[in-house]
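Below are the chains, spelled out letter by letter.
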Protein chains: 2
Amino acid sequence: MAEGRLFVISGPSAVGKGTIVKEIMASSTDISLSISATTRSPRAGETDGVSYYFLTKEEFKEKIDNGGFLEWAEVHGNYYGTPKAPVEKLLAEGKDVILEIDVQGAMQVKESGGEGAYIFILPPSMEELKNRINNRGTETEEAIALRMSKAAGEIAYLDRYDYYVINDDLQEAIDTVKAIMVSEHQKINSKSETLLAKFKEVK
Amino acid sequence: MAEGRLFVISGPSAVGKGTIVKEIMASSTDISLSISATTRSPRAGETDGVSYYFLTKEEFKEKIDNGGFLEWAEVHGNYYGTPKAPVEKLLAEGKDVILEIDVQGAMQVKESGGEGAYIFILPPSMEELKNRINNRGTETEEAIALRMSKAAGEIAYLDRYDYYVINDDLQEAIDTVKAIMVSEHQKINSKSETLLAKFKEVK
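Residues numbered from 1 in each chain as written. Chains lettered and ligands numbered in written order. Predicted model: local features only at pLDDT ≥ 70, side-chain atom pairs only at ≥ 80, totals over all residues.

Asker: I'd like a rundown of the overall build of chain A, residues and numbers included.
Answerer: Of regular secondary structure, chain A possesses eight helices and nine strands. Along the first, second and third principal axes, the C-alpha atoms of chain A reach 70 × 45 × 30 Å. A total of 203 residues make up chain A; the buried ones form 33% of that total. Contacts in chain A between residues far apart in sequence, at least 24 positions, make up 69% of those at least 6 positions apart. (Helix = DSSP H or I, 4+ residues; strand = E, 2+ residues; numbered from the N terminus. Buried ≥ 20, exposed ≤ 12 C-beta atoms within 10 Å, placed from the backbone. Contact = placed C-beta atoms within 7 Å.)

Asker: Break down unusual backbone geometry for me, with residues and values.
Answerer: Residue and element names in this part refer to chain B. A positive phi angle, close to 80 degrees, is found at Ala14, a residue other than glycine. The topology assignment puts Ala14 in the loop between strand 1 (6-10) and helix 1 (17-27). Accessibility expressed as a C-beta count within 10 Å gives 22 for Ala14, which makes it buried. At His76, a residue that is not glycine, the phi angle is positive and equals roughly 50 degrees. Residue position: His76 is located in the loop between strand 5 (69-75) and strand 6 (78-83).

Asker: Which residues make up the interface of chain B and chain A, and what values go with them?
Answerer: Contact with chain B, which involves 28 residues of that partner, is made by 28 residues of chain A. Sorting the residues of the side of chain B that touches chain A by element identifies helix 5 (126-135), helix 6 (141-155), strand 9 (163-166), helix 7 (170-185) and helix 8 (192-198) of chain B as the ones contributing at least two each. When residues of the side of chain B that touches chain A are assigned to their parent elements, the largest contribution, five residues, is made by helix 7 of chain B. Across the side of chain B that touches chain A, the residue classes tally to 17 nonpolar, four polar and seven charged. (Nonpolar A, V, L, I, M, F, W, Y, C, P; charged D, E, K, R; others polar.)

Asker: Talk me through the relation of the copies chain B and chain A; I want residue IDs and the actual numbers.
Answerer: Mapping chain B onto chain A leaves a residual RMSD of 0.0 Å; the transformation is a rotation of 180 degrees accompanied by 0.0 Å of translation along its axis. One copy is carried onto the other by what is essentially a two-fold rotation axis. Taking C-alpha positions as reference, the residue of chain B nearest the rotation axis is B:Ala179, located at 2.2 Å. An overlap of 100% is found between the interface residues of chain B and their copies at the interface of chain A, pointing to a shared contact surface. (Least-squares fit on C-alpha atoms with pLDDT ≥ 70 in both.)

Asker: Go over the sheet that holds strand 6 (residues 78-83) of chain A, please, and point to the residues and values.
Answerer: Sheet strands associate in pairs through backbone hydrogen bonding, adopting either a parallel or an antiparallel arrangement. Residue and element names in this part refer to chain A. The sheet built from four strands is open, its strands ordered 4-3-6-5 with mixed pairing. Each of the sheet's edge strands pairs with one partner strand only, and the pair in question is strand 4 (53-54) and strand 5 (69-75). On the sheet, helix 2 (residues 57-65) packs against strand 3 (37-38), strand 5 and strand 6 and is oriented at approximately 135 degrees with respect to strand 5. (Pairing = 2+ DSSP bridges. Axes fitted to C-alpha atoms, helices over the stretch in contact; angles between N-to-C directions.)

Asker: Give me the packing of helix 7 (residues 170-185) of chain A against helix 7 of chain B: which residues, what numbers.
Answerer: Following both chains from N to C, one finds helix 7 of chain A and helix 7 of chain B inclined at 110 degrees, their axes separated by 8 Å at the closest point. By the angle class used here, helix 7 of chain A and helix 7 of chain B are roughly perpendicular. The two elements helix 7 of chain A and helix 7 of chain B cross, and the hand of that crossing is left-handed. Residues A:Thr176, A:Ala179, A:Ile180, A:Val182 and A:Ser183 of helix 7 of chain A touch helix 7 of chain B, and the partners they reach there are B:Thr176, B:Ala179, B:Ile180, B:Val182 and B:Ser183. A per-class count over the contact of helix 7 of chain A with helix 7 of chain B returns six nonpolar, four polar and no charged. (Parallel < 35°, antiparallel > 145°, perpendicular 65-115°, else oblique. Left-handed = near helix turned anticlockwise from the far one by under 90°.)

Asker: Help me get a handle on the pairing of strand 8 (residues 117-122) of chain A, residues and values and all.
Answerer: Walk down a regular strand and you will see the side chains alternate between the two sheet faces. Residues and elements named next belong to chain A. Counting buried positions along strand 8 yields six of six residues, so the element is predominantly enclosed. Here strand 8 shows a buried face lined by Ala117, Ile119 and Ile121 and a second buried face lined by Tyr118, Phe120 and Leu122. Two strands pair when backbone bridges link them, and strand 1 (residues 6-10) and strand 8 are joined in this way by four bridges, in the parallel orientation. Considered in strand 8, the bridge of Ile9 is made with Ile119. As defined by bridge partners, strand 8 adjoins strand 9 (residues 163-166) across four bridges and the pair is classed as parallel. Its bridge partner lying in strand 9, Phe120 is registered against Tyr164.

Asker: Tell me about helix 4 (residues 103-111) of chain A, and name the residues and values.
Answerer: All names here are of chain A. Here helix 4 has its buried residues at Val103, Gly105, Ala106 and Val109. Projection of helix 4 onto a plane perpendicular to its axis shows the buried side chains occupying an angular sector of 160 degrees, all on one side. In this structure, the buried side of helix 4 is in contact with strand 1, strand 5, strand 7 (96-100), strand 8 and helix 6 (141-155). Positive backbone phi, at 85 degrees, marks Gly113, one or two positions downstream of helix 4. (Arc of directions from axis to C-beta.)

Structure below.
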């Protein structure tokens, strides 16, 4: 029954998905975090294969051509993406994999046939999301308005997801994501044959 | 978002579903347990509307004719069933309802269109189920063989359920059922419109 499962966790920027994922990772050794590939230069303290897989543009483009990414995007002249092979290897080993990703990326993963549980992290309200963006204190009013309109556009994809979790109380949000992860493993779906075989041996 | 959900918990006799349900009920006041109706006489200490709804055969048959049961069965000349109205009332009030029921009853509820999460409690193995039946110490060998063959027949319905939970470690089984109950409330399904409306008010 050891069967890894992919959990795609996304939501608008500043909703707190990074913190939720970090806490879940810290609480379990059975879960792996998908590592992104990028063509940008490593910053101080970043290690290849831990922070990111650092690739040259040529390597990245070749990987795109070979269908080596679950999703990828070009941002300000650099490429970012989720390499397919490491995720598939972990799943085959029976490990759960978390992919923390923006909505556009999550939709790419889904369209490329990435089977998994898609979880959307929501703010308690749009007002509260605005507060959280404001609290970072680094944004101009124009930038905030842009982020808010981007967030609204992302939330419109909610019905393409399997689950939603409202990040009001952080610990409650973490526990709820964990419950979804437990529950997903208990789904019968295509497993019933394997399960039934186990109980065929009536003595 | 207050929306009650029906959890149908079933599995073979002696698998421990009664204990699991009792522990879940004890740990939460937000969950209601569906109360069965029966035509058998009340035993000492049993209260109408708490232990069972005690009905006459005439009342019971009239209720059957009026489609008043989610499921019912005749056992040794007495009728047992799950009245539809109290369950629907609780769900409408936003309460979760647990229906602990044998596989035959669960399949009747499902066929009558009872929307809910169907959870099958499994033993760790058929050998262990036999041990648990044996440990009750009240059964002849023939009765045990009959129960085992009945259990095997019930487990064959596994693929009609949404979730399975193996009752090996009791506390783990309880926690897993609880996780499924939490997770079911986070499903987006038909909720996305209500959710989206909430986030339409971008300020």
